[in-house]
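# Structure assessment
Each chain, letter by letter, is given below.
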Amino acid sequence: EAEVAQSPRYKITEKSQAVAFWCDPISGHATLYWYRQILGQGPELLVQFQDESVVDDSQLPKDRFSAERLKGVDSTLKIQPAELGDSAMYLCASSRALGGTQYFGPGTRLLVL
Amino acid sequence: DQQVKQNSPSLSVQEGRISILNCDYTNSMFDYFLWYKKYPAEGPTFLISISSIKDKNEDGRFTVFLNKSAKHLSLHIVPSQPGDSAVYFCAATKPFTGGGNKLTFGTGTQLKVEL
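Source: prediction; values computed, not measured. (Residues numbered from 1 in each chain as written. Chains lettered and ligands numbered in written order. Predicted model: local features only at pLDDT ≥ 70, side-chain atom pairs only at ≥ 80, totals over all residues. Heavy atoms only, no water.)

## Digging into the overall build of chain B
Tallying secondary structure elements over chain B gives 0 helices and 11 strands in all. Against the compact-globule benchmark of 13 Å for 115 residues, chain B has a radius of gyration of 14 Å, which places it among compact chains. Seen through its principal axes, chain B has C-alpha atoms that stretch 45 × 30 × 25 Å. At a minimum sequence separation of 6, the contacts of chain B that also span at least 24 residues come to 54%. Of the roughly 5600 Å² of accessible surface on chain B, 49% is carried by carbon and sulfur atoms. Side chains of chain B give 12 positive and 10 negative charges; the mean places of these two sets differ by 5 Å. (Helix = DSSP H or I, 4+ residues; strand = E, 2+ residues; numbered from the N terminus. Rg over C-alpha atoms; globule rule 2.2 N^0.38 Å. Contact = heavy atoms within 4.5 Å. Areas by Shrake-Rupley, 256 points an atom, 1.4 Å probe, with all protein chains shown as cover. Lys, Arg positive; Asp, Glu negative; His and termini not counted. Charge placed at Lys NZ, Arg CZ, Asp CG, Glu CD.)

Now the structure itself:
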């Protein structure tokens, strides 16, 4: 069964450093999502792509976060500079099309010291 | 403003019995609801969904019930198995109108199925 791939699985960094996360969606899935899950809460959407275009980034803290999906396949989420409050699980999901069922990757757990 | 609420942070059930997980929502625009299961150190796994035009959807041991008038849905697992022990998230989405279709999640319920 095809899966969403994410790397790294774990990342420890110091505050003010830059970090980047990578996501490879299920083959053929046009829609890609990045969510952030803080411990004890449900995931919250940061950004959504349809192919290479951003559909929704209203919850993305654009002063420090950026996301791209240049060729409409894999995607990178970057944080610069990282802050202590960014410690969370960063989840990538994909769906075949807008409105389709979203399938999640294993996530990247970020710890900012 | 928590639009999707799971008021029970944890639930413990004996193996073979029924597990009932509850979820309430406040936004009447939600028209599609999903349940995800999450094991530690893994991403959420899609379990079952239901459209607002239905009041029940069944898939094997899992059944989701939707009560639109009460803005309430529940997930029934029968019979419960130890492998069902996980965190269960309720999620909802609004009709897609071209502006994206983000999932709004509840805070999750930790289910423990005991032998």
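## Concerning the interface of chain A and chain B
Counting from both sides, the interface comprises 24 residues of chain A and, opposite them, 18 residues of chain B. Approximately 1600 Å² of surface area, both sides summed, lies buried where chain A meets chain B, with 59% of it carried by carbon and sulfur atoms. The interface formed by chain A and chain B contains 0 salt bridges. Linking chain A with chain B are 3 residue pairs in polar contact (both at pLDDT 80 or more). Every element with two or more residues in the side of chain A that touches chain B is listed here: strand E4 (31-37), strand E5 (44-50), strand E6 (53-56), strand E9 (88-95) and strand E10 (103-104) of chain A. (Buried area = accessible area lost by both parts, 1.4 Å probe. Salt bridge = Lys/Arg side-chain N within 4 Å of Asp/Glu carboxyl O. Polar contact = N/O pair within 3.5 Å; in protein donor to acceptor, adjacent residues only side chain to side chain.)

## Considerations on unusual backbone geometry
Along the chain, A:Gln80 connects to A:Pro81 via a cis peptide bond; the corresponding omega equals -5°. Residue placement: A:Pro81 occurs in the loop between strand E8 (75-79) and E9. For the peptide bond that leads from B:Val78 to B:Pro79, omega is -10°, which places it in the cis range. Residue position: B:Pro79 is located in the loop between strand E8 (72-77) and strand E9 (86-93). Even without being a glycine, B:Ala41 presents a positive backbone phi close to 65°. Topologically, B:Ala41 is positioned in the loop between strand E4 (32-38) and strand E5 (45-51).

## Some points on the pattern of salt bridges
All names here are of chain A. According to the stated counting rule, one finds 5 salt bridges over all chains in the structure shown. With a shortest N-O distance of 3.4 Å, Glu83 and Arg64 are connected by a salt bridge. Residue Glu83 is located in the loop between E8 and E9, and its partner Arg64 is located in the loop between E6 and strand E7 (65-68); the two are separated by 19 residues in the primary sequence. With relative accessibility at 11%, the residue Arg64 sits in the buried group. The salt bridge partner of Asp86 is Arg64, with a shortest N-O separation of 2.6 Å. One end of the pair, Asp86, is in the loop between E8 and E9; the other, Arg64, is in the loop between E6 and E7, with 22 residues separating them in the sequence. Each member of the pair Asp86 and Arg64 is classed as buried. Through salt bridges with shared partners, one network takes in Arg36, Arg64, Glu83 and Asp86. (Buried < 20%, exposed > 50% of the residue type's maximum accessible area, 1.4 Å probe, protein only.)

## What to know about the environment of B:Lys56
All names here are of chain B. Relative to the assigned elements, Lys56 resides in strand E6 (residues 56-59). On the accessibility criterion, Lys56 (42% relative accessible area) is partly exposed. Once the C-alpha coordinates of Lys56 and Asn67 are considered, the two residues, 11 residues apart in sequence, prove to be 9.0 Å apart. When sequence neighbours within four positions are dropped, the list of residues in contact with Lys56 reads Ile50, Thr63, Val64 and Phe65.

## Thoughts on the environment of A:Ser95
All names here are of chain A. When you line up the elements, Ser95 lands in strand E9. When the C-alpha positions of Ser95 and Ser53 are compared, they lie 15 Å apart, and in sequence the two are 42 residues distant. Not counting the four nearest positions on each side in its chain, Ser95 is found in contact with His29, Ala30, Thr31, Tyr33, Gly100, Thr101 and Gln102. Here Ala97 takes part through its backbone oxygen, which lies 2.9 Å from a polar atom of the side chain of Ser95.

## Overview of the state of the cysteines
Evaluated as defined, the whole model comprises 2 disulfides over all chains. Here A:Cys23 pairs with A:Cys92 through a disulfide, and the sulfurs are 1.9 Å apart. With the S-S bond torsion at -70°, the cross-link from A:Cys23 to A:Cys92 turns out left-handed. Of the two residues, A:Cys23 is situated in strand E3 (residues 19-24) and A:Cys92 in strand E9; the sequence distance between them amounts to 69 residues. Both residues of the pair, A:Cys23 and A:Cys92, count as buried. A sulfur-sulfur distance of 2.1 Å marks the disulfide that ties B:Cys23 to B:Cys90. Here the disulfide of B:Cys23 and B:Cys90 is left-handed, its torsion about the S-S bond being about -75°. One end of the pair, B:Cys23, is in strand E3 (residues 19-25); the other, B:Cys90, is in strand E9, and 67 residues separate them in sequence. Exposure remark for B:Cys90: the relative accessible area of 1% places this residue in the buried category. (Disulfide = S-S within 2.5 Å.)

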